[in-house]
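What the coordinates show
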Amino acid sequence: SDLFLTRHKNFLLMRELDRIFKSFSRNISKKYYDSFLNNTQDSTAKNIVLDKYAFFFTPINNRDEVLSVQNQKQSLSELLKENKLTYVDFWASWCGPCRVEVPHSKKLQEKYEKDINFIYLSIDQNATQWKTAINQLALPLKKNFLITNPKNNTLIQKYKVISIPRYMIIDAKGVVINQNAPRPSDPRLIKVFDELLKEK
């Protein structure tokens, strides 16, 4: 019965952690996250929490290569600008909903150009089609990159980028702080950006 009570307690605490991560700042969430890990003996519960939330506090160290429009290879880590938030847009030339979001994204880039780094990561299989779409949509060349091997890309696997469009926010230290960020056309995104910039 003690084991049952412990597991029941851990289940309730994990459910409460979900609520905290959705409702409060990262600093507050970190306190409860640390407290759970430090006070829970159940290794299964710890692993579940680590798997679910560790990415909130661990900087990206991704050496998977992406290709620039100029055919230069870079790692994702190299694309992240220090002391700047980064908004990542996963897209592809054949993705209609992705293309619909582009005008909204470009307006946001103009509004937040000084404070937020916008990067576009394409999962296109065909580099020519990718480059054609960039030209058609008048996307900034320096912010566009092709993920050379989406099926084996660490970032895509780790954060389960199964469908697109998909958006992420990465903080100035390279930590993913929102792995399912609002899309550019969603009015909530401006509120998210403004709150994050205040925290900074």
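Our structure is the block above this text.
The structure contained in this document is the topic of the report that follows.

Criteria and cut-off values
Residues numbered from 1 in each chain as written. Predicted model: local features only at pLDDT ≥ 70, side-chain atom pairs only at ≥ 80, totals over all residues. Heavy atoms only, no water. Helix = DSSP H or I, 4+ residues; strand = E, 2+ residues; numbered from the N terminus. Buried < 20%, exposed > 50% of the residue type's maximum accessible area, 1.4 Å probe, protein only. Disulfide = S-S within 2.5 Å. Axes fitted to C-alpha atoms, helices over the stretch in contact; angles between N-to-C directions. Parallel < 35°, antiparallel > 145°, perpendicular 65-115°, else oblique. Left-handed = near helix turned anticlockwise from the far one by under 90°. Contact = heavy atoms within 4.5 Å. Nonpolar A, V, L, I, M, F, W, Y, C, P; charged D, E, K, R; others polar.

Next up on the list: the side chain of N153. Position of N153 relative to the elements: it lies in the loop between β5 (144-147) and α7 (154-158). We classify N153 as buried; its relative accessible area is 6%.

By definition, a disulfide links the sulfur atoms of two cysteines through a covalent bond. In this structure the tally under the stated criterion is one disulfide. The disulfide partner of C95 is C98, and the gap between their sulfur atoms is 2.2 Å. The disulfide joining C95 to C98 has a torsion of about 80 degrees about its S-S bond and is therefore right-handed. C98 carries the same exposure label as C95, and that label is buried.

On to the packing of helix α5 (residues 96-112) against helix α8 (residues 188-199). Here α5 crosses α8 at 25 degrees, and the two axes come no closer than 12 Å. Between α5 and α8, the crossing angle belongs to the class labelled roughly parallel. Here α5 runs over α8; the crossing is right-handed. Counting all contacts with α5, which are made through L108, K111 and Y112, the residues of α8 involved are L189, I190, F193, D194 and L197. Partitioned by chemical class, the residues of the contact of α5 with α8 number six nonpolar, no polar and two charged.

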